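Observations on chain architecture
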Amino acid sequence: MINKEFFFKGFKSILAPDSPALALGCCFIAIGALLKNLGFNIQESILSTMLTYALPGSLVMAESLLVGASLLNIFLAVWFVNARLYPMAVSLFPLMMHKSQPKWKYYFSCHFIAVSAWLIMKSNYKSIEKKHRIDFWIGIGCATWTTAVIGTFIGFYASDYLDKNMMMGLAILNPIYFLCMMVGAMKTVQITASVILGLALGPIFYFLSPEWSILLGGFIGGTIAYFIGELNVN
């Protein structure tokens, strides 16, 4: 069973001053409004957020529907964009693995992998005893997931009062928050170099290939930062 004490401790962690929950909720308000404009009803909109959850995947799905993509193409697009969550899972779950915990908790909690929940967990895991971290993580995941669902609900019914510029402003809050978090995490040569190079190379590659600019900027910037860190160590 899930330890209630640590579950609710994780659930309440989204209320911290540096929590991304507010930015996450604002982004899903934009998603809810967008889904309504695409012709979704409230049940379909809520179900979409519950199943897709992570913001970029929801945006890709909505934009793919908007241009008339097939279901197979939408599935593949969402699958590929959510592949970015794999490194987060690889870095996070070893910190929570404990022989006293059943495996179903780890499989169940994979659905909650998202940048917002990952950031909260990475900021707090050291204060939680290892055998209780999975319960704490499930609490964080349920809280951010609930925030996303509530944001979608509000956005769906507020869509008539949101123009295009307001929706774009809400949708960009989360990336801005993540950028601020990355700047705050610039405590090593590798992280500092990867953030600076990513910011610099992304716009440059945009002029060469708008579709691949973010991927190329992040991949090349991160690779260069890795070797810079290795040279610095040696």
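Residues numbered from 1 in each chain as written. Predicted model: local features only at pLDDT ≥ 70, side-chain atom pairs only at ≥ 80, totals over all residues. Heavy atoms only, no water.

**Here we look at the state of the cysteines**
The full count for this structure, using the stated rule, is zero disulfides. Looking at C26, it has no disulfide partner, and the nearest cysteine sulfur is the one in C27, 7.0 Å off. Judged by relative accessible area, which is 1%, C27 ranks as buried. (Disulfide = S-S within 2.5 Å. Buried < 20%, exposed > 50% of the residue type's maximum accessible area, 1.4 Å probe, protein only.)

**Quick look at the packing of helix α2 (residues 21-37) against helix α4 (residues 55-66)**
In contact at an axis separation of 11 Å, α2 and α4 are set at 20° when each is read in the N-to-C sense. On the basis of the axis angle, α2 is roughly parallel to α4. With respect to the hand of their crossing, α2 and α4 are arranged in left-handed fashion. Contacts between α2 and α4 pair C27, F28, I31, L34 and L35 from the former with L55, S58, L59, M61 and A62 from the latter. Of the residues in the contact of α2 with α4, the class split is nine nonpolar, one polar and no charged. (Axes fitted to C-alpha atoms, helices over the stretch in contact; angles between N-to-C directions. Helix = DSSP H or I, 4+ residues; strand = E, 2+ residues; numbered from the N terminus. Parallel < 35°, antiparallel > 145°, perpendicular 65-115°, else oblique. Left-handed = near helix turned anticlockwise from the far one by under 90°. Contact = heavy atoms within 4.5 Å. Nonpolar A, V, L, I, M, F, W, Y, C, P; charged D, E, K, R; others polar.)

**Some remarks on the domain arrangement of the protein chain**
Interfaces are often sized by the amount of accessible area the parts lose when they come together. Looking at the assigned domains, one finds that the protein chain contains domain 1 (4-174) and domain 2 (186-233). Spacing between the C-alpha centres of domain 1 and domain 2 amounts to 26 Å. (Domains from an automatic or database assignment.)

**Side note on the packing of α2 against helix α9 (residues 133-158)**
Interhelical geometry of α2 versus α9 gives an angle of 40° and a closest axis separation of 6 Å. With respect to α9, the axis of α2 lies oblique. Considering the relative orientation of α2 and α9, their crossing is right-handed. Residues A21, L24, G25, F28, I29, G32, A33 and K36 of α2 pack against T144, T147, A148, G151, T152, I154, G155 and F156 of α9.

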